[in-house]
Amino acid sequence: MATIQVEIVSAEEAIWTGTGVMVFAPAEMGEVGIAPQHAPLLTRLKPGEVRVQQENGDEQFFFISGGLLEVQPNQVTVLSDTAVRAADLDEAQALEAQQKAERDLQDKTSKMDLAKAKAELIQATAQLRALQKLRQTRR
Amino acid sequence: MPSVRDIRRRIRSVENTGKVTNAMSLIAASKMRRAQNAVLQGRPYSEKIQDVIAHLAAQPSDDASASQPLLQVRPVERIAVLVISPDRGLCGGMHANLNRRVGQFMLDQGVPVQVVAVGRKGRDFMVRSGSDLRAVFTDLGETPSLFDTVVISDMLVDLYAESEADEVYVAYTRFNSTLSQTPVVERLLPITPSELTGAERVGYIYEPDSLVVLQRILPRFIEMQVYHALLESIASEQSARMVAMRNATDNAKQLGEDLTLVMNKLRQESITNELLDLVGGMAVLEK
């Protein structure tokens, strides 16, 4: 029986590699079934289930939260997204990052003043100590 | 003159330091392996997506590329740089090297540079040098997921799409091997698809159409590149820390040995002096 090489990968890990006789995937235009020697195809995937029917009758199931399907005559690749995106969460995090930058830039002036003050203090202390030593040796 | 007791105390403190640095070195080694593994895991996705983009970009122009903002080259008036650096120190010269490289890059540009900083070490450098810091991300941890970096790549894509930056670069430390890490600055946007030879080309069917597919895939590509740069930075950081801590452990051991020699010599001297006193005293008594 003709088989097709199947690879399911995400940006974080290689999820599964194997062979199958038929692959079902939740394409944007509806579920597609890919058999060996399918014409080359590239399509978006909706969140849903990817099913691989293997030679021995086993079925492998994978839930994906979206992605891309690339089909070549002998190979099917599912480029899976890793998580469902929440636009609001992104925005909140982005805003926080920007505010952090502003705070850090403002902190800089106060940090610099502190550093300068520390340096002057150290210098003054050293001078004082040197002066005391000088006085002691003179006696 | 320090006493034998003082030196012994010092030796003990040095030995303890050596134990800490040794532990840190071992921990960093295992974290480095994990980070390296994460880089390898992401490679099949990365290669495939680049391949697909190359095919899409090579389409007979039904203006697919022309209408894709992320592929468009513009005259460069402002640029943005994502700087990825460690949050913590004790990793040898790594962050200093990166900061130097980034500093040089920014000076070489003839145009204003905006910075997005990931990691405290880079952030501190940017703050100190008075850069135009747009956003700061820290505490991403040692095992970030792609999800953690999506907000960063989205921000960069927005900067580019809204013409606040005409080019976007990413500066990070590339992991070559345990002993070799290199700071690099690479261009992220606009995307330059790789060229395909005639033999490599595949005539895909695109559903619904190539434009829509391209639109979906380009941001994914940027996300993956940012994620990948972060993973490499982490691997570099851990291996640099491992080496630095190993050196510190060796130094501590050496120092302990040197101090022990000094202590023993001191002990011998004091014993000799006591004996001389004793013998001298006895000689007087016998007379």
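Heads up: the structure comes first, above all this text.
A quick note: this is a predicted structure, and the numbers were derived from the prediction, not measured.

### Here we look at helix α4 (residues 120–128) of chain B
Every α-helix winds through 3.6 residues per turn, so residues three or four apart in the chain are directed the same way. Residue and element names in this part refer to chain B. Looking at α4, one finds that the buried residues are G122, R123, M126 and V127. The buried residues of α4 occupy an angular sector of 135° when projected down its axis, which confines them to one face. One or two steps after α4, the chain reaches G130, where phi turns positive at roughly 65°.

### A closer look at the environment of F147(B)
Tracing the sequence through the fold places F147(B) in helix α5 (residues 146–161). Along the primary structure F147(B) and L266(B) are separated by 119 residues, whereas in three dimensions their C-alpha atoms are 62 Å apart.

### A few points about α5(B)
With 16 residues, α5(B) ought to run about 22 Å at 1.5 Å a step, and its terminal C-alpha atoms sit 21 Å apart, in line with that. Listing the buried residues of α5(B) in full gives L146(B), T149(B), V150(B), V151(B), I152(B), S153(B), M155(B), L156(B), V157(B), L159(B) and Y160(B).

### Considerations on a nonpolar patch on the surface
Together, I271(B), L275(B), L278(B), V279(B) and M282(B) line one region of the surface with nonpolar side chains, adding up to about 490 Å² of accessible area. If you trace the backbone, M282(B) turns up in helix α6 (residues 210–286).

### Considerations on the interface of chain B and chain A
Taken together, the contacts link 41 residues of chain B with 41 residues of chain A. Overall, the association of chain B and chain A removes approximately 3600 Å² of surface from exposure, summing both partners, and the carbon and sulfur fraction of that is 61%. Between chain B and chain A we count four salt bridges in total. Linking R216(B) and D81(A) is a salt bridge whose minimum nitrogen-to-oxygen distance equals 3.6 Å. Remark: the boundary between chain B and chain A carries 14 residue pairs in polar contact (both at pLDDT 80 or more). Mapped by element, the contributors of at least two residues to the side of chain B that touches chain A are α1 (4–41), α2 (43–57), α4, β3 (132–137), α5, β6 (205–207) and α6 of chain B. For the side of chain B that touches chain A, the leading source of residues is α6(B), giving eight residues.

### Concerning the environment of F105(B)
All names here are of chain B. For F105, the location among the structural elements is in helix α3 (residues 94–108). C-alpha of F105 to C-alpha of A171: the two residues are 66 residues apart in sequence and 9.5 Å apart in space. Dropping the residues within four chain positions of it, F105 is found in contact with I79, V81, Y169 and V185.

### Looking at the packing of aromatic side chains
Residue and element names in this part refer to chain A. Per the counting criterion, the structure on display carries three aromatic pairs over all chains. Both rings, one in W16 and one in F62, keep their centres 5.4 Å apart while their planes meet at 45°; by these two values the pair is tilted. Of this pair, W16 sits in strand β2 (residues 14–20) while F62 sits in strand β7 (residues 59–64), and the two are 46 residues apart along the sequence. A residue is classified by how much of its surface remains accessible, and W16, at 17% relative accessible area, is buried.

### Describing the pattern of salt bridges
For the coordinates displayed, the defined rule picks out 17 salt bridges over all chains. Of the charged contacts, one joins E70(A) and K48(B) as a salt bridge, the two residues approaching to 3.0 Å between their closest N and O atoms. Taken together, the residues E70(A) in strand β8 (residues 67–72) and K48(B) in helix α2 connect one chain to another. Members of the salt-bridge network, linked through shared partners, are E31(A), R51(A) and E59(A).

### Considering the pairing of β8(A)
Residues and elements named next belong to chain A. A large share of β8 lies buried, amounting to six of its six residues. Taken together, the five bridges between strand β5 (residues 41–45) and β8 define a ladder with antiparallel strand orientation. Looking across to β8, one finds that L45 is bridged to G67. Two strands pair when backbone bridges link them, and β8 and strand β9 (residues 75–80) are joined in this way by six bridges, in the antiparallel orientation. The residue bridging V71 from the neighbouring strand is V76, located in β9.

### Here we look at unusual backbone geometry
Cis geometry marks the peptide bond from L189(B) to P190(B), where omega comes out at -10°. With respect to the helices, strands and loops of the structure, P190(B) is situated in the loop between β5 (180–189) and β6. Phi is positive for Q37(A), close to 65°, though the residue is something other than glycine. With respect to the helices, strands and loops of the structure, Q37(A) is situated in the loop between β4 (30–34) and β5. Using a relative accessible area of 59% as the deciding quantity, one classes Q37(A) as exposed. Notably, D139(B) is not glycine yet its phi reads approximately 60°, a positive angle. With respect to the element layout, D139(B) can be found in the loop between β3 and α5.

### Digging into the nonpolar core
Buried together is how nonpolar side chains tend to be arranged in soluble globular proteins. Counting residues in each nonpolar core, the largest one holds 61 residues, and the members touching the most others are L82(B), F137(B), I152(B), L156(B) and I217(B). Considering each element in turn, this core owes the most residues, 14 residues, to α6(B). If near-sequence neighbours (up to four positions away) are discounted, L82(B) is found in contact with V116(B), V118(B), I152(B), L156(B), Y169(B), V170(B), A171(B) and V226(B). If you look at the next biggest cluster of nonpolar residues, it comprises 19 residues, including I4(A), I8(A), W16(A) and V78(A).

### As for the packing of α2(B) against α6(B)
Residue and element names in this part refer to chain B. For the pair α2 and α6, interaxial distance at closest approach is 10 Å and the crossing angle is 140°. At the point where α2 passes α6, the crossing takes the left-handed sense. Along its contact with α2, which presents Y45, S46, I49, Q50, V52, I53 and L56, the element α6 presents S210, V213, L214, I217, L218, R220, F221 and M224. Per-class residue counts for the contact of α2 with α6 are 11 nonpolar, three polar and one charged.

Calculation criteria
Residues numbered from 1 in each chain as written. Chains lettered and ligands numbered in written order. Predicted model: local features only at pLDDT ≥ 70, side-chain atom pairs only at ≥ 80, totals over all residues. Heavy atoms only, no water. Buried < 20%, exposed > 50% of the residue type's maximum accessible area, 1.4 Å probe, protein only. Helix = DSSP H or I, 4+ residues; strand = E, 2+ residues; numbered from the N terminus. Arc of directions from axis to C-beta. Expected span 1.5 Å × (residues − 1). Patch = residues over 30% accessible without salt bridge, like charges linked within 9 Å, V, L, I, M, F, W, Y side chains within 5 Å. Areas by Shrake-Rupley, 256 points an atom, 1.4 Å probe, with all protein chains shown as cover. Salt bridge = Lys/Arg side-chain N within 4 Å of Asp/Glu carboxyl O. Contact = heavy atoms within 4.5 Å. Buried area = accessible area lost by both parts, 1.4 Å probe. Polar contact = N/O pair within 3.5 Å; in protein donor to acceptor, adjacent residues only side chain to side chain. Phe/Tyr/Trp six-rings, centres within 6.5 Å; stacked < 30°, edge-to-face > 60°. Pairing = 2+ DSSP bridges. Core = buried A, V, L, I, M, F, W, Y, C linked by side-chain atoms within 4.5 Å. Axes fitted to C-alpha atoms, helices over the stretch in contact; angles between N-to-C directions. Left-handed = near helix turned anticlockwise from the far one by under 90°. Nonpolar A, V, L, I, M, F, W, Y, C, P; charged D, E, K, R; others polar.

That's the geometry; what it means functionally is another story.
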